[in-house]
Amino acid sequence: MKNKFYTYIQNLQDQICQGLEKIDGVAKFREDLWDRPEGGGGRTRVIENGNVFEKGGVNISAVHGKLPDSMQKLFNVGEADFFACGLSLVIHPKSPMVPTVHANWRYFEMYDDNGKVINSWFGGGQDLTPYYLFEEDAIHFHQTCKTACDKHNSDFYPKYKKQCDAYFWNAHRNEARGLGGLFFDYLKATEEQSMEDWYNFVTEVGNSFLEAYLPIVEKRKDVAYTSEQRTWQEIRRGRYVEFNLVHDKGTLFGLKTNGRIESILMSLPPHVQWHYDHHPVAGSEEEKLIKVLEKPVEWIAP
């Protein structure tokens, strides 16, 4: 399974990078191959200063070795070997009219002293973080997520949509990071779902990513915007940074397992602002977004 999934994310990285380069029209991804001293490595690809994308990363990694003490405590296990692979992406567009997007699909294994798999699971999801609210974009993104889920189980979309709303919650701000999407973790084999079933589901979601995001980019990338709207985008990007550094499990996992720091922090946007006690003007488009972020919205019927 680990070899099968790693091959999948290698191919998916190629597909996503090609799709993003095509819609940008100018910028190309720069590739870095890296090795982890304790075992494994990855392929980082970063796009910067394009027509459409100010900064973005589409990274894959496969790491293995002894489970660090911090992760032993998290999983409530003793010493063990592990393997983890995944694709993680964050795309920050230049225009405040185009939403930031994040996605991640991953697979994890733990082994006993004889190298036998004693635990394994999938995780991942995809979510949208706009700076201005276009309801039809939110509906399109969520409908694409639901369509992928419904091919496997009609209960998946409402369940993983709810988990996404709960996970991407900036608790210290009491607001959502964005408009959500899907979030799932610890997808393990059960009587109802084999690991092969979970593989088919997770790859279905991964394959839906470009369909979920690129039509929104195409619709919004040429919309005119002002310097004030750009400032608002950079203020909201600050909330994105706060979430990633304070709450995000993937960032914390990477830091605690001696991951490659440049790859871990590629999710951070290049231009950000923090204004003291900032509040948008009452009745403005900016306030409209904030109101939606105060409580998760059901964008489509479950």
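Residues numbered from 1 in each chain as written. Predicted model: local features only at pLDDT ≥ 70, side-chain atom pairs only at ≥ 80, totals over all residues. Heavy atoms only, no water.

A closer look at the overall build of the protein
In step 1: Helix and strand counts for the protein stand at 10 helices and 9 strands.
In step 2: In terms of overall dimensions, the protein is globule-like: its C-alpha atoms have a radius of gyration of 19 Å, near the 19 Å expected for 302 residues.
In step 3: Excluding contacts between residues fewer than 6 apart, the proportion of contacts in the protein whose partners are at least 24 apart in sequence is 69%.
In step 4: If you sum the accessible surface of the protein, you get close to 14000 Å²; carbon and sulfur atoms cover 49% of it.
In step 5: Charge centroids of the protein, computed over 35 positive and 43 negative side chains, lie 1 Å from each other. (Helix = DSSP H or I, 4+ residues; strand = E, 2+ residues; numbered from the N terminus. Rg over C-alpha atoms; globule rule 2.2 N^0.38 Å. Contact = heavy atoms within 4.5 Å. Areas by Shrake-Rupley, 256 points an atom, 1.4 Å probe, with all protein chains shown as cover. Lys, Arg positive; Asp, Glu negative; His and termini not counted. Charge placed at Lys NZ, Arg CZ, Asp CG, Glu CD.)

As for the side chain of Asp248
In step 1: Positionally, Asp248 belongs in the loop between helix 7 (227–246) and helix 8 (249–256).
In step 2: There is no salt bridge for the buried Asp248, and the closest opposite charge comes from Arg177, which lies 5.2 Å off by N-O distance. (Buried < 20%, exposed > 50% of the residue type's maximum accessible area, 1.4 Å probe, protein only. Salt bridge = Lys/Arg side-chain N within 4 Å of Asp/Glu carboxyl O.)

Notes on the pattern of salt bridges
In step 1: Per the stated rule, a full pass over the model turns up 24 salt bridges.
In step 2: Of the charged contacts in the structure, one is a salt bridge between Asp32 and Arg30, with a shortest N-O distance of 3.6 Å.
In step 3: Its relative accessible area of 23% is what places Asp32 among the partly exposed residues.
In step 4: When salt bridges with common partners are traced through the structure, they connect Asp14, Glu31, Arg43 and Arg45 into a single cluster.

Re unusual backbone geometry
Across the chain, the bulk of peptide bonds are trans and the bulk of non-glycine residues have phi less than zero.
In step 1: Positive phi outside glycine occurs at Asn49, with the angle close to 55 degrees.
In step 2: In this structure, Asn49 sits in the loop between strand 2 (40–48) and strand 3 (53–66).
In step 3: Positive phi, close to 50 degrees, is recorded for Asp277, a residue that is not glycine.
In step 4: Tracing the sequence through the fold places Asp277 in the loop between helix 9 (261–264) and helix 10 (285–293).

Comments concerning the packing of aromatic side chains
In step 1: For the coordinates displayed, the defined rule picks out 23 aromatic pairs.
In step 2: Judged by centre distance (5.1 Å) and plane angle (55 degrees), the ring pair of Trp121 and Tyr186 falls under tilted. Residue Trp121 is located in strand 6 (residues 117–129), and its partner Tyr186 is located in strand 9 (residues 180–187); the two are separated by 65 residues in the primary sequence.
In step 3: Centre to centre, the rings of Trp198 and Phe201 are 6.1 Å apart; their planes meet at 70 degrees, and the pair counts as edge-to-face. Placement of both Trp198 and Phe201 in helix 5 (residues 195–207) is noted, with a separation of 3 residues, approximately one turn of the helix. Accessibility assignment for this pair places Trp198 and Phe201 in one class, buried.
In step 4: Three or more aromatic residues joined by ring pairs make a cluster, and in this case those are Phe5, Tyr8, Tyr107, Phe122 and Tyr199. (Phe/Tyr/Trp six-rings, centres within 6.5 Å; stacked < 30°, edge-to-face > 60°.)

A short note on the pairing of strand 3
The side chains of a regular strand alternate, first on one face of the sheet and then on the other.
In step 1: Burial runs high along strand 3: 11 of the 14 residues are buried.
In step 2: Bridging between strand 2 and strand 3 involves 7 bridges; their strand directions are antiparallel. When the bridges of strand 3 are listed, Gly40 appears paired with Val63.
In step 3: Linking strand 2 back to strand 3 in an antiparallel pair, the connection comprises 4 residues, with Asn49 at a positive phi of about 55 degrees.
In step 4: Sheet topology note: the strand 3/strand 4 (residues 81–93) ladder contains 13 bridges and is antiparallel. (Pairing = 2+ DSSP bridges.)

Section: the sheet that holds strand 5 (residues 100–111)
In step 1: Ordered by their spatial adjacency, 7 strands build an open sheet running 1-2-3-4-5-6-9, and the pairing between neighbours is antiparallel. Whereas interior strands pair on both sides, the edge strands pair on one side only; in this sheet they are strand 1 (30–35) and strand 9. Going across the sheet, the axis of each strand differs from the next one's by a mean of 5 degrees, ignoring polarity. (Axes fitted to C-alpha atoms, helices over the stretch in contact; angles between N-to-C directions.)

Observations concerning the nonpolar core
In step 1: Formed by 52 residues in total, the largest nonpolar core has its most connected members in Phe5, Leu89, Trp105, Phe201 and Tyr213.
In step 2: Here this core takes 8 residues from helix 1 (residues 2–24), the largest share from any one element.
In step 3: Residues within four places of Tyr213 in sequence aside, it is in contact with Leu20, Phe53, Ile91, Pro93, Val98, Pro99, Val101 and Leu128.
In step 4: Counting residues in each nonpolar core, the second largest holds 13 residues, with Tyr132, Ala176, Trp232 and Leu293 among its members. (Core = buried A, V, L, I, M, F, W, Y, C linked by side-chain atoms within 4.5 Å.)

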